[in-house]
Amino acid sequence: MVRTAVAVSAPGKVLLAGGYLVLDREYTGLVFGLDARIHVNVQEIPTSSGVTLNEIVVQSPQFQDAVWEYGYRLTERDGGMRVMPLRVDADLNLNRNIFVETTISYALSYIASLSSPMISPASVTILADNDYYSTPAALTYKSAPAPRFHNFDVPISKAHKTGLGSSAALVTALTGALLSYYLPKNTYDITTDLGQRHLHNLAQAAHCAAQGKVGSGFDVASAVYGSCVYRRFSPSILTAHVEPGRRQFGSQLREIVDGSGGEAGKWDHEILKEGVKVPKGLRLVMCDVNCGSQTPGMVKQVLAWRKGNPTEASEIWEELHRHNTALADDLTAAAESAETDPVKRYAEVQQRFHSIRALIRQMSEQSGVPIEPPEQTELLDACERMSEVIGGVVPGAGGYDAIVLLIQDDEAAVAKLRSLLAGWKFRSGVDGDVGVGRVSMLGVREEMEGVRVEEVGQYDEWLS
Ligand SMILES: Nc1ncnc2c1ncn2[C@@H]1O[C@H](COP(=O)(O)OP(=O)(O)O)[C@@H](O)[C@H]1O
Ligand SMILES: C[C@@](O)(CCOP(=O)(O)OP(=O)(O)O)CC(=O)O
C-alpha cells in the first residue's frame, strides 16, 4: 500500500506567568506558543535504499550523527509495539534518542491498539526552526540570507538550547505526523477537536515517559493548542499504566488516549484560548541569557519550601495567582481599548508586571531559590527603563536562563533593545562561581496557533 507523505509542525513555548503554581491544579499558567516550530516529515522509504526489515529511519539533518534507525514488532499479550534502536556508532554503542524512541513506541502502540494496520517502513525527518538553539558565531551569515534550517554542525547533545521547549514540540509534531501517516482520515484527523485531544493525551504520555517524570505538561499543551491559559491534568492519569512491552500496555494506552478508562483516567486539564491576547502593536521578545551556570533542582526546592512553610507560601501563591490571571485580563482589556495614548493604554499591564515580579522576588527570597536572582532583576530593570518596553519577567522556572519582554512591535524598538542587550555583560554568582555571559535576543515572537499540518514539498532541500 502506498502511503501519502505527511508533515506536521508544533510551536515552542514560553510560560509568561504561573511558573511553579501551574504544577498544582489549583492554579493556572499563562503560556504563549512561539513562532519557532519543530517540523516532522514522514514518508515512504525509497525501495532502492536497501531496507528490507521493518524499519523506521529518523534523521535530524541539522546535527551530526543524528540518524536513528528502529526496528519494531508487535509484542505478545497486548504489550504494545516494541521499538528497538538498530544503528550503532563506530564504537558499537547504540546511538539513542530517548524522546524519538519513546514517541515512536507510544504512537505505534496506540495505532496498533486501534486496528491491525501494516506499519510499513518509513523515513522521518525532523527540522527545527533555528531559534531552538544558539547559533555559533561561525555560523552567522553576514552576506547571504540565513538558510531556513541551519546546519549546526555539532551533535544534538552539544547544541546550546535556548529553552523554547524542543522536546515537547518534537514529541507533539512526531506523534501527530505518525498518527496522520499510518491511520486513515476517518479514524484519525489531526484538524478536528477530537484529533487534537487524542494527540494531546498521547503526546503528554510519551513526553512524560521520555522525561522520566510527570511535569505540569504546559509545554505539550501549548505545542498542541498554541497560546492558552492552562490548568494541568491530574498526574495520576499518567502514573498508573504499566511499562511498554508489559502485559496490557496496549489497551491501557488506548484507554489513556481515548479517556475511556473510567473516572480515575478522565482527563481533567483545561485549555482556555479565548482571552489570551497580545494587543496589536505589541509583541513578545525572548532573550537568551547565556551565562553558563544554572541551579539544578529548582522545582524540588520550591516545592519543599512550600511544604515546609504552607502558610507563608500559600499567601504568596494566592496573591501571585490573582495577578497572573489578571495579567491575561489586562492584556485583553488593552487589546480592546479605544485609548490611543500608549502610556495610558498599557498602564495597568505595566503595573501588573511589576506586581508579579515583586511577588516572584519575595518567593525567591523566602524559598532561597534564585527564581528572579539579582542579576536578572538588574537586566529586567534596565529593559523596563526603555519606554518601548511595557514589562518583562523571568519565564517558566526562572533562574539564569532567559527573560521575556512585552515591547512595542516596531523595528526601532527592536533595534534599541538589541543594542542595549549587545552591550550587556551578565555576571552571575551561582554557588560561588562567577559566570560571565551574554544576553541575546531571539528572533521569535508569540504564536497563537498550535499544531499545524504543513505542505510536504517545502522541505525537499533537506530530505535525503
Ligand atoms: N531537532 C531535534 N532532533 C532530534 N531530537 C531532538 C531535537 N530537538 C530536541 N530533541 C530531543 O529532545 C531532547 C532535549 O529535550 P530537553 O532536554 O527536555 O530540552 P527542552 O527543554 O528543549 O525540551 C534532545 O536530547 C533530543 O532527544
Ligand atoms: C517550574 C515549572 O512550572 C515551569 C518550568 O518552565 P520552563 O519553561 O522553565 O521549563 P523547561 O523548558 O523544562 O526548562 C515546571 C512545570 O510546569 O513543569
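Look up a bit, the structure's there.
None of the values given here were measured: they were computed from a predicted structure. (Residues numbered from 1 in each chain as written. Chains lettered and ligands numbered in written order. Predicted model: local features only at pLDDT ≥ 70, side-chain atom pairs only at ≥ 80, totals over all residues.)

A. Seen up close, the packing of helix α8 (residues 310-336) against helix α10 (residues 347-367). Following both chains from N to C, one finds α8 and α10 inclined at 160°, their axes separated by 9 Å at the closest point. Judged by the angle between their axes, α8 and α10 are roughly antiparallel. When you trace α8 past α10, the crossing you get is left-handed. Contacts between α8 and α10 involve E312, I316, E319, L320, H323, N324, A326, L327, D330, L331 and A334 on the former and, on the latter, E348, V349, R352, S355, I356, L359, Q362, M363 and Q366. Looking at the contact of α8 with α10 residue by residue, the class counts come to 10 nonpolar, 5 polar and 5 charged. (Axes fitted to C-alpha atoms, helices over the stretch in contact; angles between N-to-C directions. Helix = DSSP H or I, 4+ residues; strand = E, 2+ residues; numbered from the N terminus. Parallel < 35°, antiparallel > 145°, perpendicular 65-115°, else oblique. Left-handed = near helix turned anticlockwise from the far one by under 90°. Contact = placed C-beta atoms within 7 Å. Nonpolar A, V, L, I, M, F, W, Y, C, P; charged D, E, K, R; others polar.)

B. Seen up close, unusual backbone geometry. A positive phi angle is found at Y20, which is not glycine, with a value near 70°. Checked against the element boundaries, Y20 lands in the loop between β1 (6-17) and β2 (29-44). Backbone geometry places D78, a non-glycine residue, at a positive phi of 60°. On the basis of neighbour counts, which here come to 18 C-beta atoms within 10 Å, the residue D78 falls in the partly exposed class. (Buried ≥ 20, exposed ≤ 12 C-beta atoms within 10 Å, placed from the backbone.)

C. Seen up close, the environment of E378. Along the chain, E378 falls in helix α11 (residues 374-384). E378 sits in the partly exposed class, given 13 other C-beta atoms within 10 Å. Sequence-wise, E378 and F426 are 48 residues apart; in three dimensions their C-alpha atoms are separated by 9.5 Å.

D. Molecular detail of the site of ligand 2. Inspection of the region around ligand 2 gives 14 residues, with G19, G215, S216, G396 and A397 positioned closest. When its residues are assigned to classes, the shell around ligand 2 shows 8 nonpolar, 6 polar and no charged. Counting contributing residues per domain, the shell around ligand 2 is built from domain 1 (6-273 + 449-462) and domain 2 (282-443), each supplying no fewer than three. (Near = placed C-beta within 6 Å. Domains from an automatic or database assignment.)

E. Spotlight on the nonpolar core. In this structure, V40, A173, A177 and M286 are the most contacted members of the largest nonpolar core, which totals 128 residues. Considering each element in turn, this core owes the most residues, 11 residues, to helix α2 (residues 166-182). A domain-level breakdown of this core finds at least three residues from each of domain 1 (6-273 + 449-462) and domain 2 (282-443). A173 has contacts with V8, S9, A10, I38, H39, V40 and V451, leaving out every residue within four places of it along the chain. (Core = buried A, V, L, I, M, F, W, Y, C linked by C-beta atoms within 7 Å.)

F. Region of interest: the pairing of β2. β2 sits mainly inside the fold: 13 of its 16 residues count as buried. Sheet topology note: the β1/β2 ladder contains 11 bridges and is antiparallel. Along β2, the bridge assignment pairs V6 with V42. By the bridge criterion, 3 bridges tie β2 to strand β7 (residues 228-231) in an arrangement that is antiparallel. Bridged to V31 within β7 is C228. Where β2 meets strand β14 (residues 446-447), 2 bridges bridge the pair, whose relative direction is antiparallel. Counterpart to G33 in the pairing with β14 is E447. Pairing analysis gives 7 bridges linking β2 to strand β6 (residues 122-128), with the strands arranged antiparallel. By the bridge assignment for β6, V42 is matched with V124. (Pairing = 2+ DSSP bridges.)

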